[in-house]
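# Results of the structural survey
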Amino acid sequence: MRRNSGTGGAGRVGRRAMLAASGTAALALAAGGLSAGRAGADERFREDPFTLGIASGDPWPDGFVLWTRLAPRPLDPDGAGGMPPHSVGVFWEVAADELFRHVVRRGWTRAVAELAHSVHIEVKGLQPGREYFYRFRAGGVLSPVGRTRTAPSPYSRPKALNFAFVSCQAWFEGFYTAYQHLAEEDIDLVLHLGDYIYENPIDAMGGVRNVPVAAELRPEPMNLVQYRNRHALHRFDPDLIAAHRAHPWAVVWDDHEVEDNWARDISKVDTEPDGDPAVFRERAAAAFQAYYEHLPLRLPNKPRGFDARMYRGLRYGRMATFHILDTRLFRDDQPCGDGIKSGCDERLSPSRSLLGAEQERWLYNSLGRSDATWNLIPQQIPVTQVDTDPGPGQSFVMDFWDGYVASRQRLFQQISDRNVRNPVVLTGDMHRHLAADLKQNYDDPDSPTVGVEFVGTSIATGKDGMDLDPSGASLLAANSHIKFTNYQRGYVRCSLTPETCRADFRVLPYVTTPGAPVSTRTSFVTEAGRPGVKPA
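By convention here, each chain's residues receive numbers from 1 onward along its written sequence. Only residues with pLDDT of 70 or above have their local features reported here, since the model is predicted, and side-chain atom pairs are shown and tallied only from 80 upward, although totals for entire chains, interfaces and linings are computed over all residues. Heavy atoms from the whole structure form the basis of all side-chain values; hydrogens and water molecules are not counted.

For every element, the axis is a line fit to its C-alpha atoms; helices are fit only across the contacting stretch, and the angle between N-to-C directions ranges from 0 to 180 degrees. Helical segments are the DSSP runs of H or I of at least four residues, strand segments are the runs of E of at least two, and each set is numbered from the N terminus. At their nearest, the axes of helix α7 (residues 357-369) and helix α8 (residues 405-417) sit 10 Å apart, and the two run at 20 degrees to each other. Our classification of the angle between α7 and α8 gives roughly parallel. Between α7 and α8 lies a crossing whose hand is right-handed. On α8, the residues touching Glu360, Leu363, Tyr364 and Leu367 of α7 are Ser407, Arg410, Leu411 and Gln414. Angles are sorted into four bins: roughly parallel if under 35 degrees, roughly antiparallel if over 145, roughly perpendicular if 65 to 115, and oblique for all others. Crossings are classed by handedness, with left-handed meaning an anticlockwise turn of the near helix from the far one by less than a right angle and right-handed meaning a clockwise turn. A contact between two residues is defined here by any heavy atoms of the two lying within 4.5 Å.

Before going further, it helps to spend a moment on the nonpolar core. Take the buried residues of types Ala, Val, Leu, Ile, Met, Phe, Trp, Tyr and Cys, join any two whose side-chain atoms come within 4.5 Å, and each joined set is a nonpolar core. When a residue's accessible area, from a 1.4 Å probe over protein chains only, is under 20% of the maximum for its type it is buried; when over 50% it is exposed; and in between it is partly exposed. Formed by 78 residues in total, the largest nonpolar core has its most connected members in Phe163, Phe322 and Phe454. For this core, the element with the highest residue contribution is helix α6 (residues 277-293), accounting for 8 residues. Once residues lying within four places of it in the same chain are set aside, the contact partners of phenylalanine 322 are Leu161, Phe163, Leu189, Leu191, Arg312, Gly313, Leu314, Tyr316, Leu376 and Pro378. Counting 30 residues, the second largest nonpolar core, distinct from the first, contains Leu354, Tyr364, Ile381 and Leu411.

This part covers unusual backbone geometry. The general pattern is negative phi for most residues beyond glycine and trans for most peptide bonds. Positive phi is not limited to glycine here, since phenylalanine 100 has a value of about 60 degrees. When you line up the elements, phenylalanine 100 lands in the loop between β3 (88-95) and β4 (103-111). For asparagine 210, which is not glycine, the phi dihedral falls at a positive 55 degrees. Overall, asparagine 210 belongs to the exposed group, its relative accessible area being 55%.

With that settled, the discussion passes to α6. For an α-helix, 3.6 residues make a turn, and residues three or four places apart therefore share a direction. By this rule the span expected of a helix is its residue count minus one, scaled by 1.5 Å. Between its first and last C-alpha, α6 extends 24 Å over 17 residues, near the 24 Å set by a 1.5 Å rise per residue. Taken together, the buried residues of α6 touch β2 (63-69), β5 (118-123), α4 (224-235) and β11 (249-251).

The next subject is the environment of tyrosine 487. Within the secondary structure layout, tyrosine 487 lies in strand β21 (residues 482-496). Taking the C-alpha atoms as reference points, tyrosine 487 and aspartate 467, separated by 20 residues in sequence, lie 5.3 Å from one another.

The subject of this paragraph is the environment of aspartate 203. Mapping aspartate 203 onto the fold places it in the loop between β10 (189-192) and α4. For aspartate 203, a relative accessible area of 43% puts it in the partly exposed group. A C-alpha to C-alpha distance of 50 Å links aspartate 203 and aspartate 371, two positions 168 residues apart in sequence. Once residues within four sequence positions are removed from consideration, aspartate 203 is found in contact with Val213 and Arg218. Separated by 2.9 Å, the side chain of aspartate 203 and the backbone nitrogen of methionine 205 make a polar contact. Between N or O atoms, a polar contact is any pair within 3.5 Å; within protein, one atom must be a potential hydrogen donor and the other a potential acceptor, and residues adjacent in sequence are included only when both atoms are from side chains. Polar side-chain contacts of aspartate 203 include one of 2.9 Å to the backbone nitrogen of glycine 206.

Moving on, we get to empty space enclosed by the protein. Each cavity reported here is a set of points on a 1 Å grid over the protein atoms alone in which a 1.4 Å probe fits but cannot get out, each pocket an open set with protein on both sides within 12 Å along at least five of seven lines, and each lining residue one with an atom within 4 Å of a point. Grid points are joined across faces, edges and corners, and a volume is the space filled by probe spheres set on the points. A full pass over the atoms with the stated rule returns 1 cavity of 30 Å³ or more. By volume, the largest cavity amounts to about 30 Å³. Lining of the largest cavity is provided by Glu216, Leu217, Pro219, Pro221, Gln226, Asn229 and Arg230. Amino acid classes used here: Ala, Val, Leu, Ile, Met, Phe, Trp, Tyr, Cys and Pro are nonpolar; Asp, Glu, Lys and Arg are charged; the rest, including Gly, are polar. Its residues assigned to classes, the lining of the largest cavity shows 3 nonpolar, 2 polar and 2 charged.

Taken by themselves, the reported measurements are silent on function.
Laid out in C-alpha coordinates, this is it:
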(Lines give C-alpha, C1' and ligand atoms only; values in the text may rest on other atoms or scores of the structure.)
Protein backbone atom coordinates (compact mmCIF):
# COMPACT_ATOMS: atom_id res chain seq x y z
CA MET A 1 0.00 0.00 0.00
CA ARG A 2 1.20 3.46 -0.83
CA ARG A 3 2.07 5.72 2.07
CA ASN A 4 -0.22 8.70 2.59
CA SER A 5 2.18 11.37 1.39
CA GLY A 6 -0.41 14.03 0.79
CA THR A 7 0.38 14.01 -2.92
CA GLY A 8 -1.85 11.21 -4.19
CA GLY A 9 -0.78 8.63 -6.75
CA ALA A 10 -1.02 5.13 -8.10
CA GLY A 11 0.21 2.05 -6.31
CA ARG A 12 3.49 0.29 -6.79
CA VAL A 13 2.10 -2.30 -9.21
CA GLY A 14 1.13 0.46 -11.63
CA ARG A 15 4.57 2.02 -11.41
CA ARG A 16 6.31 -1.28 -12.12
CA ALA A 17 4.08 -1.81 -15.13
CA MET A 18 4.93 1.66 -16.39
CA LEU A 19 8.67 1.13 -15.94
CA ALA A 20 8.52 -2.19 -17.75
CA ALA A 21 6.82 -0.72 -20.83
CA SER A 22 9.22 -0.68 -23.77
CA GLY A 23 9.21 1.95 -26.46
CA THR A 24 7.36 -0.50 -28.69
CA ALA A 25 4.69 -1.14 -26.08
CA ALA A 26 4.35 2.56 -25.41
CA LEU A 27 3.72 3.14 -29.11
CA ALA A 28 0.52 1.12 -28.77
CA LEU A 29 -0.81 3.72 -26.35
CA ALA A 30 -1.09 6.28 -29.17
CA ALA A 31 -4.66 5.29 -29.99
CA GLY A 32 -6.10 8.21 -28.05
CA GLY A 33 -3.08 10.28 -28.65
CA LEU A 34 -0.99 12.76 -30.44
CA SER A 35 -1.95 14.47 -33.64
CA ALA A 36 0.65 14.43 -36.41
CA GLY A 37 0.14 18.17 -36.85
CA ARG A 38 3.18 20.13 -37.91
CA ALA A 39 5.48 17.16 -37.30
CA GLY A 40 4.46 15.92 -40.76
CA ALA A 41 7.07 18.25 -42.23
CA ASP A 42 9.85 16.54 -40.27
CA GLU A 43 11.61 13.41 -41.42
CA ARG A 44 10.52 10.16 -39.83
CA PHE A 45 12.93 8.49 -37.46
CA ARG A 46 14.13 5.02 -38.41
CA GLU A 47 15.76 4.62 -34.97
CA ASP A 48 14.47 5.35 -31.48
CA PRO A 49 15.20 9.04 -30.76
CA PHE A 50 14.50 8.62 -27.01
CA THR A 51 17.57 6.53 -26.17
CA LEU A 52 18.54 8.90 -23.33
CA GLY A 53 15.13 8.65 -21.76
CA ILE A 54 12.67 11.22 -20.51
CA ALA A 55 12.51 13.08 -17.23
CA SER A 56 10.60 15.57 -15.11
CA GLY A 57 11.79 17.98 -12.45
CA ASP A 58 11.39 20.92 -10.09
CA PRO A 59 7.73 20.31 -9.16
CA TRP A 60 5.56 23.30 -8.30
CA PRO A 61 1.97 23.11 -7.07
CA ASP A 62 0.64 23.75 -10.59
CA GLY A 63 3.22 21.95 -12.71
CA PHE A 64 6.76 20.78 -13.42
CA VAL A 65 9.35 20.78 -16.18
CA LEU A 66 9.48 17.93 -18.69
CA TRP A 67 12.70 16.96 -20.47
CA THR A 68 14.00 14.80 -23.26
CA ARG A 69 16.86 14.90 -25.72
CA LEU A 70 16.43 13.44 -29.18
CA ALA A 71 19.45 11.23 -29.82
CA PRO A 72 18.96 8.09 -31.95
CA ARG A 73 22.74 7.49 -31.80
CA PRO A 74 23.68 9.08 -28.47
CA LEU A 75 27.36 8.09 -28.48
CA ASP A 76 28.27 9.41 -31.93
CA PRO A 77 31.62 11.16 -31.43
CA ASP A 78 30.45 14.42 -33.03
CA GLY A 79 28.11 15.04 -30.08
CA ALA A 80 25.04 15.43 -32.30
CA GLY A 81 23.46 12.17 -31.17
CA GLY A 82 22.70 11.11 -34.74
CA MET A 83 20.46 14.15 -35.30
CA PRO A 84 20.37 16.48 -38.32
CA PRO A 85 21.67 20.05 -38.00
CA HIS A 86 18.15 21.54 -38.14
CA SER A 87 15.32 21.66 -35.60
CA VAL A 88 12.75 18.88 -35.19
CA GLY A 89 9.18 19.13 -33.98
CA VAL A 90 8.32 17.48 -30.65
CA PHE A 91 4.84 16.89 -29.24
CA TRP A 92 4.19 16.31 -25.56
CA GLU A 93 1.23 15.23 -23.46
CA VAL A 94 0.37 15.10 -19.76
CA ALA A 95 -2.43 12.85 -18.54
CA ALA A 96 -4.12 12.02 -15.27
CA ASP A 97 -3.91 8.31 -16.05
CA GLU A 98 -1.26 5.95 -17.33
CA LEU A 99 -3.22 5.01 -20.46
CA PHE A 100 -3.77 8.66 -21.44
CA ARG A 101 -7.55 8.42 -21.50
CA HIS A 102 -7.70 11.75 -19.65
CA VAL A 103 -5.17 14.11 -21.23
CA VAL A 104 -5.00 17.37 -19.27
CA ARG A 105 -2.25 19.24 -21.14
CA ARG A 106 -0.57 18.87 -24.53
CA GLY A 107 1.62 21.00 -26.71
CA TRP A 108 4.25 21.26 -29.41
CA THR A 109 7.75 22.68 -29.53
CA ARG A 110 10.91 22.38 -31.59
CA ALA A 111 14.12 20.68 -30.48
CA VAL A 112 16.99 22.78 -31.80
CA ALA A 113 20.51 21.69 -32.66
CA GLU A 114 21.95 24.57 -30.63
CA LEU A 115 20.74 22.78 -27.47
CA ALA A 116 21.61 19.26 -28.67
CA HIS A 117 17.94 18.74 -29.62
CA SER A 118 16.91 18.81 -25.96
CA VAL A 119 13.56 20.21 -24.88
CA HIS A 120 12.49 21.68 -21.54
CA ILE A 121 8.70 22.04 -21.28
CA GLU A 122 7.39 24.01 -18.30
CA VAL A 123 3.89 22.62 -17.76
CA LYS A 124 1.45 24.80 -15.83
CA GLY A 125 -2.19 24.79 -14.80
CA LEU A 126 -2.26 21.38 -13.12
CA GLN A 127 -3.75 20.31 -9.81
CA PRO A 128 -1.50 20.41 -6.72
CA GLY A 129 -0.44 17.32 -4.90
CA ARG A 130 -1.27 14.67 -7.45
CA GLU A 131 0.31 12.16 -9.79
CA TYR A 132 0.54 12.67 -13.57
CA PHE A 133 1.90 10.77 -16.55
CA TYR A 134 3.66 12.23 -19.59
CA ARG A 135 5.14 11.27 -22.95
CA PHE A 136 6.68 12.78 -26.08
CA ARG A 137 6.40 12.13 -29.80
CA ALA A 138 8.89 13.06 -32.50
CA GLY A 139 9.36 11.90 -36.08
CA GLY A 140 6.57 9.36 -35.81
CA VAL A 141 7.99 7.72 -32.66
CA LEU A 142 6.27 7.79 -29.28
CA SER A 143 8.41 7.85 -26.16
CA PRO A 144 7.95 5.60 -23.15
CA VAL A 145 5.62 6.93 -20.44
CA GLY A 146 6.99 8.83 -17.48
CA ARG A 147 5.44 9.34 -14.08
CA THR A 148 5.69 12.54 -12.08
CA ARG A 149 3.77 14.60 -9.53
CA THR A 150 3.08 18.17 -8.56
CA ALA A 151 3.96 19.66 -5.19
CA PRO A 152 1.12 20.16 -2.71
CA SER A 153 -0.60 23.54 -2.51
CA PRO A 154 1.50 26.17 -0.73
CA TYR A 155 -0.55 26.37 2.44
CA SER A 156 -1.58 22.73 2.71
CA ARG A 157 -0.44 20.54 5.56
CA PRO A 158 0.57 17.15 4.12
CA LYS A 159 0.64 14.26 6.54
CA ALA A 160 3.95 13.04 5.13
CA LEU A 161 6.59 13.75 2.49
CA ASN A 162 8.95 11.07 1.19
CA PHE A 163 12.03 11.81 -0.88
CA ALA A 164 15.53 10.51 -1.60
CA PHE A 165 18.84 12.15 -2.34
CA VAL A 166 21.75 10.88 -4.42
CA SER A 167 25.13 12.01 -5.75
CA CYS A 168 28.40 10.93 -7.35
CA GLN A 169 27.90 8.48 -10.20
CA ALA A 170 31.22 7.76 -11.89
CA TRP A 171 30.04 5.58 -14.78
CA PHE A 172 33.36 3.75 -15.06
CA GLU A 173 33.60 2.83 -11.34
CA GLY A 174 30.33 1.01 -10.86
CA PHE A 175 26.97 -0.07 -12.20
CA TYR A 176 23.93 2.08 -11.44
CA THR A 177 22.06 -0.70 -9.65
CA ALA A 178 21.10 1.75 -6.91
CA TYR A 179 18.92 3.56 -9.45
CA GLN A 180 17.12 0.31 -10.28
CA HIS A 181 16.05 0.15 -6.63
CA LEU A 182 15.40 3.88 -6.37
CA ALA A 183 12.95 3.64 -9.27
CA GLU A 184 10.87 1.27 -7.13
CA GLU A 185 10.88 3.46 -4.01
CA ASP A 186 7.63 5.05 -2.87
CA ILE A 187 8.83 8.66 -2.92
CA ASP A 188 7.71 12.09 -4.09
CA LEU A 189 11.03 13.58 -5.21
CA VAL A 190 14.67 12.73 -5.96
CA LEU A 191 17.37 15.30 -5.19
CA HIS A 192 20.64 14.94 -7.08
CA LEU A 193 23.33 16.85 -5.20
CA GLY A 194 26.13 16.83 -7.73
CA ASP A 195 28.72 14.86 -9.71
CA TYR A 196 26.16 13.69 -12.25
CA ILE A 197 29.10 13.03 -14.57
CA TYR A 198 32.81 12.59 -14.01
CA GLU A 199 35.33 14.32 -16.23
CA ASN A 200 38.20 11.88 -15.62
CA PRO A 201 39.78 10.17 -18.64
CA ILE A 202 38.22 6.76 -19.32
CA ASP A 203 40.08 3.64 -20.40
CA ALA A 204 39.27 1.70 -23.56
CA MET A 205 36.98 -0.78 -21.78
CA GLY A 206 35.01 1.65 -19.61
CA GLY A 207 36.53 0.70 -16.26
CA VAL A 208 34.48 -1.89 -14.38
CA ARG A 209 31.81 -1.82 -17.09
CA ASN A 210 34.09 -3.77 -19.47
CA VAL A 211 32.48 -2.39 -22.62
CA PRO A 212 34.40 -0.80 -25.50
CA VAL A 213 34.49 3.01 -25.37
CA ALA A 214 35.27 4.90 -28.57
CA ALA A 215 38.58 6.74 -28.51
CA GLU A 216 36.82 10.09 -28.99
CA LEU A 217 34.82 9.58 -25.77
CA ARG A 218 37.73 8.76 -23.48
CA PRO A 219 39.69 12.02 -22.93
CA GLU A 220 38.86 14.52 -20.22
CA PRO A 221 36.26 16.87 -21.75
CA MET A 222 37.31 20.42 -22.53
CA ASN A 223 34.68 21.66 -25.00
CA LEU A 224 30.95 21.43 -25.62
CA VAL A 225 31.07 18.36 -27.88
CA GLN A 226 33.15 16.46 -25.35
CA TYR A 227 30.90 17.41 -22.41
CA ARG A 228 27.84 16.38 -24.42
CA ASN A 229 29.45 13.03 -25.08
CA ARG A 230 30.36 12.55 -21.43
CA HIS A 231 26.77 13.28 -20.38
CA ALA A 232 25.43 10.91 -23.02
CA LEU A 233 27.75 8.17 -21.80
CA HIS A 234 26.50 8.57 -18.22
CA ARG A 235 22.85 8.97 -19.27
CA PHE A 236 22.82 5.97 -21.61
CA ASP A 237 22.10 3.58 -18.76
CA PRO A 238 18.78 1.74 -18.25
CA ASP A 239 18.75 2.05 -14.46
CA LEU A 240 19.35 5.80 -14.49
CA ILE A 241 16.74 6.20 -17.24
CA ALA A 242 14.24 4.21 -15.14
CA ALA A 243 14.79 6.35 -12.04
CA HIS A 244 14.21 9.53 -14.05
CA ARG A 245 11.01 8.10 -15.53
CA ALA A 246 9.67 7.05 -12.13
CA HIS A 247 10.08 10.27 -10.12
CA PRO A 248 10.53 14.03 -10.53
CA TRP A 249 14.06 15.22 -9.80
CA ALA A 250 15.64 18.43 -8.57
CA VAL A 251 19.30 18.66 -9.57
CA VAL A 252 22.30 20.85 -8.80
CA TRP A 253 25.91 20.50 -9.84
CA ASP A 254 29.09 20.03 -7.81
CA ASP A 255 32.64 19.93 -9.19
CA HIS A 256 32.98 16.94 -11.53
CA GLU A 257 30.38 18.32 -13.92
CA VAL A 258 33.22 20.69 -14.87
CA GLU A 259 36.53 19.78 -13.19
CA ASP A 260 37.59 18.38 -9.83
CA ASN A 261 37.52 21.02 -7.06
CA TRP A 262 37.00 24.03 -9.32
CA ALA A 263 36.19 27.25 -7.48
CA ARG A 264 34.45 30.14 -9.23
CA ASP A 265 36.69 30.74 -12.27
CA ILE A 266 39.76 29.03 -10.86
CA SER A 267 40.96 25.78 -12.40
CA LYS A 268 42.66 23.17 -10.25
CA VAL A 269 44.70 21.55 -13.02
CA ASP A 270 46.48 24.64 -14.36
CA THR A 271 44.88 24.45 -17.78
CA GLU A 272 44.88 28.23 -18.21
CA PRO A 273 47.97 29.64 -19.88
CA ASP A 274 49.64 32.27 -17.70
CA GLY A 275 46.85 31.89 -15.16
CA ASP A 276 44.25 33.42 -17.49
CA PRO A 277 40.82 32.55 -15.98
CA ALA A 278 39.11 33.27 -19.32
CA VAL A 279 40.26 29.87 -20.58
CA PHE A 280 38.64 28.07 -17.67
CA ARG A 281 35.48 30.19 -17.93
CA GLU A 282 35.12 29.07 -21.55
CA ARG A 283 35.50 25.43 -20.54
CA ALA A 284 33.05 25.83 -17.66
CA ALA A 285 30.50 27.55 -19.92
CA ALA A 286 30.57 24.51 -22.21
CA ALA A 287 30.11 22.22 -19.20
CA PHE A 288 27.22 24.34 -17.90
CA GLN A 289 25.42 24.18 -21.24
CA ALA A 290 25.82 20.41 -21.56
CA TYR A 291 24.51 20.00 -18.00
CA TYR A 292 21.40 22.02 -18.83
CA GLU A 293 20.89 20.12 -22.08
CA HIS A 294 20.74 16.78 -20.28
CA LEU A 295 18.59 17.51 -17.21
CA PRO A 296 15.05 18.69 -16.36
CA LEU A 297 15.81 22.30 -15.45
CA ARG A 298 13.63 25.38 -15.77
CA LEU A 299 14.44 28.37 -17.96
CA PRO A 300 15.85 30.50 -15.07
CA ASN A 301 18.50 27.81 -14.65
CA LYS A 302 19.62 27.96 -18.28
CA PRO A 303 23.22 29.26 -18.25
CA ARG A 304 24.32 32.27 -20.25
CA GLY A 305 27.92 31.44 -20.90
CA PHE A 306 29.70 31.43 -17.55
CA ASP A 307 26.72 33.10 -15.85
CA ALA A 308 24.36 30.61 -14.22
CA ARG A 309 22.03 30.37 -11.24
CA MET A 310 21.37 26.92 -9.85
CA TYR A 311 20.38 27.92 -6.31
CA ARG A 312 16.64 28.03 -5.86
CA GLY A 313 13.77 26.99 -3.59
CA LEU A 314 11.05 24.34 -3.75
CA ARG A 315 8.08 24.43 -1.40
CA TYR A 316 6.07 21.38 -0.32
CA GLY A 317 3.15 22.98 1.49
CA ARG A 318 3.82 23.77 5.11
CA MET A 319 5.64 20.49 5.54
CA ALA A 320 8.96 21.44 3.93
CA THR A 321 10.91 24.01 2.00
CA PHE A 322 14.01 22.94 0.07
CA HIS A 323 16.66 25.68 -0.07
CA ILE A 324 18.92 24.30 -2.84
CA LEU A 325 22.48 25.70 -2.84
CA ASP A 326 25.34 25.96 -5.34
CA THR A 327 28.65 25.72 -3.46
CA ARG A 328 30.91 25.94 -6.55
CA LEU A 329 30.23 28.90 -8.80
CA PHE A 330 30.39 31.70 -6.23
CA ARG A 331 32.99 30.51 -3.73
CA ASP A 332 36.36 32.00 -2.91
CA ASP A 333 39.33 29.82 -3.79
CA GLN A 334 40.10 27.02 -1.34
CA PRO A 335 42.52 28.24 1.35
CA CYS A 336 46.13 27.19 1.80
CA GLY A 337 46.38 25.59 -1.63
CA ASP A 338 43.45 23.16 -1.16
CA GLY A 339 43.88 19.59 0.06
CA ILE A 340 43.84 18.41 3.70
CA LYS A 341 45.66 20.84 5.97
CA SER A 342 46.38 21.49 9.64
CA GLY A 343 47.14 24.93 11.02
CA CYS A 344 45.64 26.85 8.08
CA ASP A 345 44.76 30.30 9.43
CA GLU A 346 43.44 31.44 6.05
CA ARG A 347 40.37 29.22 6.44
CA LEU A 348 39.35 31.32 9.46
CA SER A 349 39.33 34.66 7.64
CA PRO A 350 36.01 36.46 8.19
CA SER A 351 36.00 37.75 4.60
CA ARG A 352 35.88 34.28 3.04
CA SER A 353 32.64 33.09 1.47
CA LEU A 354 31.58 29.72 0.14
CA LEU A 355 28.27 30.91 -1.30
CA GLY A 356 29.03 34.45 -2.42
CA ALA A 357 27.29 37.53 -1.03
CA GLU A 358 24.19 37.36 -3.26
CA GLN A 359 23.49 33.67 -2.62
CA GLU A 360 24.07 34.16 1.12
CA ARG A 361 21.46 36.94 1.22
CA TRP A 362 19.02 34.80 -0.75
CA LEU A 363 19.52 31.85 1.60
CA TYR A 364 19.11 33.86 4.79
CA ASN A 365 15.99 35.59 3.48
CA SER A 366 14.56 32.30 2.24
CA LEU A 367 15.16 30.65 5.61
CA GLY A 368 13.75 33.65 7.47
CA ARG A 369 10.54 33.75 5.42
CA SER A 370 9.86 30.02 5.59
CA ASP A 371 6.82 28.90 7.55
CA ALA A 372 7.54 25.22 6.87
CA THR A 373 7.95 22.68 9.63
CA TRP A 374 11.17 21.44 8.02
CA ASN A 375 13.79 23.61 6.32
CA LEU A 376 15.91 21.33 4.18
CA ILE A 377 19.19 22.60 2.71
CA PRO A 378 20.34 20.36 -0.17
CA GLN A 379 23.94 21.17 -1.10
CA GLN A 380 27.22 19.56 -2.05
CA ILE A 381 29.87 19.37 0.69
CA PRO A 382 29.87 18.69 4.45
CA VAL A 383 28.75 21.64 6.56
CA THR A 384 29.59 19.97 9.84
CA GLN A 385 33.18 20.06 11.07
CA VAL A 386 35.12 17.06 9.74
CA ASP A 387 38.40 16.63 11.59
CA THR A 388 40.37 13.94 9.75
CA ASP A 389 43.04 13.52 12.48
CA PRO A 390 42.04 11.02 15.19
CA GLY A 391 45.00 12.13 17.34
CA PRO A 392 45.42 15.27 19.44
CA GLY A 393 45.85 17.55 16.42
CA GLN A 394 43.30 18.64 13.84
CA SER A 395 43.29 18.47 10.04
CA PHE A 396 40.55 19.64 7.72
CA VAL A 397 39.56 19.32 4.07
CA MET A 398 39.93 22.78 2.57
CA ASP A 399 37.25 22.10 -0.06
CA PHE A 400 34.58 21.51 2.65
CA TRP A 401 32.84 24.17 4.71
CA ASP A 402 35.81 23.70 7.08
CA GLY A 403 37.78 25.80 4.61
CA TYR A 404 35.17 28.56 4.93
CA VAL A 405 34.57 28.74 8.68
CA ALA A 406 33.12 32.26 8.59
CA SER A 407 30.47 31.16 6.06
CA ARG A 408 29.43 28.35 8.39
CA GLN A 409 29.27 30.61 11.41
CA ARG A 410 27.20 33.20 9.52
CA LEU A 411 24.77 30.46 8.50
CA PHE A 412 24.45 29.14 12.05
CA GLN A 413 24.01 32.67 13.40
CA GLN A 414 21.26 33.41 10.89
CA ILE A 415 19.50 30.16 11.81
CA SER A 416 19.54 31.29 15.43
CA ASP A 417 18.68 34.97 14.84
CA ARG A 418 15.80 34.19 12.47
CA ASN A 419 14.44 31.30 14.56
CA VAL A 420 14.59 28.97 11.58
CA ARG A 421 12.49 25.90 12.22
CA ASN A 422 14.15 22.50 12.09
CA PRO A 423 17.08 23.00 9.68
CA VAL A 424 18.31 19.77 8.06
CA VAL A 425 21.31 19.84 5.72
CA LEU A 426 21.41 17.22 2.93
CA THR A 427 24.86 16.61 1.47
CA GLY A 428 26.68 14.59 -1.18
CA ASP A 429 30.34 14.54 -2.32
CA MET A 430 31.93 12.39 0.43
CA HIS A 431 31.16 8.98 -1.13
CA ARG A 432 30.04 7.87 2.32
CA HIS A 433 26.94 7.90 4.48
CA LEU A 434 27.16 10.10 7.55
CA ALA A 435 24.82 11.48 10.25
CA ALA A 436 25.95 14.42 12.37
CA ASP A 437 24.85 17.20 14.67
CA LEU A 438 25.54 20.79 13.65
CA LYS A 439 27.14 22.50 16.64
CA GLN A 440 27.25 26.21 17.40
CA ASN A 441 30.83 25.80 18.64
CA TYR A 442 32.76 22.68 17.64
CA ASP A 443 35.45 23.39 20.25
CA ASP A 444 32.82 22.89 22.97
CA PRO A 445 31.01 19.52 22.80
CA ASP A 446 28.33 20.90 25.13
CA SER A 447 27.53 23.89 22.90
CA PRO A 448 24.01 24.09 21.42
CA THR A 449 23.05 21.88 18.49
CA VAL A 450 21.56 24.15 15.81
CA GLY A 451 20.51 21.50 13.31
CA VAL A 452 21.46 18.18 11.77
CA GLU A 453 23.20 16.95 8.63
CA PHE A 454 22.65 13.77 6.64
CA VAL A 455 25.36 12.95 4.10
CA GLY A 456 24.60 10.44 1.35
CA THR A 457 27.12 8.07 -0.17
CA SER A 458 27.82 7.74 -3.89
CA ILE A 459 25.81 5.83 -6.46
CA ALA A 460 28.95 4.31 -8.01
CA THR A 461 32.06 6.40 -7.25
CA GLY A 462 34.57 4.54 -5.10
CA LYS A 463 33.55 1.11 -6.37
CA ASP A 464 32.23 -1.39 -3.82
CA GLY A 465 33.51 0.15 -0.62
CA MET A 466 32.92 -1.43 2.81
CA ASP A 467 30.84 -0.92 5.90
CA LEU A 468 33.40 0.90 8.07
CA ASP A 469 36.63 1.84 6.33
CA PRO A 470 39.73 3.15 8.16
CA SER A 471 38.94 6.77 7.25
CA GLY A 472 35.44 6.36 8.64
CA ALA A 473 36.79 4.95 11.89
CA SER A 474 39.10 7.98 12.16
CA LEU A 475 36.18 10.36 11.61
CA LEU A 476 34.19 8.74 14.42
CA ALA A 477 37.20 8.88 16.74
CA ALA A 478 37.94 12.56 16.03
CA ASN A 479 34.40 14.00 15.87
CA SER A 480 31.98 13.30 18.72
CA HIS A 481 29.18 15.07 16.83
CA ILE A 482 29.40 12.53 13.97
CA LYS A 483 27.15 9.68 15.04
CA PHE A 484 27.43 7.28 12.10
CA THR A 485 29.32 6.65 8.90
CA ASN A 486 29.39 3.90 6.25
CA TYR A 487 31.46 3.55 3.07
CA GLN A 488 29.22 1.39 0.87
CA ARG A 489 27.39 2.66 -2.22
CA GLY A 490 23.71 3.62 -2.21
CA TYR A 491 21.42 6.55 -1.41
CA VAL A 492 19.40 8.09 1.41
CA ARG A 493 15.62 7.81 1.67
CA CYS A 494 13.95 10.38 3.90
CA SER A 495 10.48 10.49 5.41
CA LEU A 496 9.02 13.66 6.89
CA THR A 497 6.04 14.00 9.20
CA PRO A 498 5.10 17.04 11.29
CA GLU A 499 6.91 15.34 14.18
CA THR A 500 10.04 13.70 12.74
CA CYS A 501 12.54 13.62 9.90
CA ARG A 502 13.79 10.08 9.31
CA ALA A 503 16.79 9.16 7.14
CA ASP A 504 17.17 5.56 5.96
CA PHE A 505 20.72 4.90 4.77
CA ARG A 506 20.28 2.48 1.85
CA VAL A 507 23.31 0.39 0.83
CA LEU A 508 24.36 -2.13 -1.80
CA PRO A 509 26.97 -4.83 -1.09
CA TYR A 510 28.65 -4.30 -4.48
CA VAL A 511 28.44 -2.18 -7.65
CA THR A 512 31.41 -3.48 -9.67
CA THR A 513 29.07 -6.16 -11.00
CA PRO A 514 25.35 -5.68 -11.67
CA GLY A 515 22.40 -7.12 -9.79
CA ALA A 516 23.14 -6.20 -6.17
CA PRO A 517 20.27 -6.15 -3.66
CA VAL A 518 19.56 -3.08 -1.54
CA SER A 519 19.01 -2.88 2.20
CA THR A 520 18.77 -0.26 4.93
CA ARG A 521 22.06 -0.19 6.85
CA THR A 522 20.59 1.95 9.63
CA SER A 523 18.14 4.81 10.20
CA PHE A 524 18.40 8.06 12.13
CA VAL A 525 15.75 10.56 13.11
CA THR A 526 15.60 14.13 14.30
CA GLU A 527 12.53 15.42 16.10
CA ALA A 528 10.80 18.72 15.32
CA GLY A 529 11.82 21.33 17.87
CA ARG A 530 14.61 19.11 19.27
CA PRO A 531 17.71 19.40 17.01
CA GLY A 532 20.04 16.45 17.02
CA VAL A 533 20.24 13.01 15.43
CA LYS A 534 19.49 9.75 17.19
CA PRO A 535 19.02 6.15 16.02
CA ALA A 536 15.50 5.42 14.80
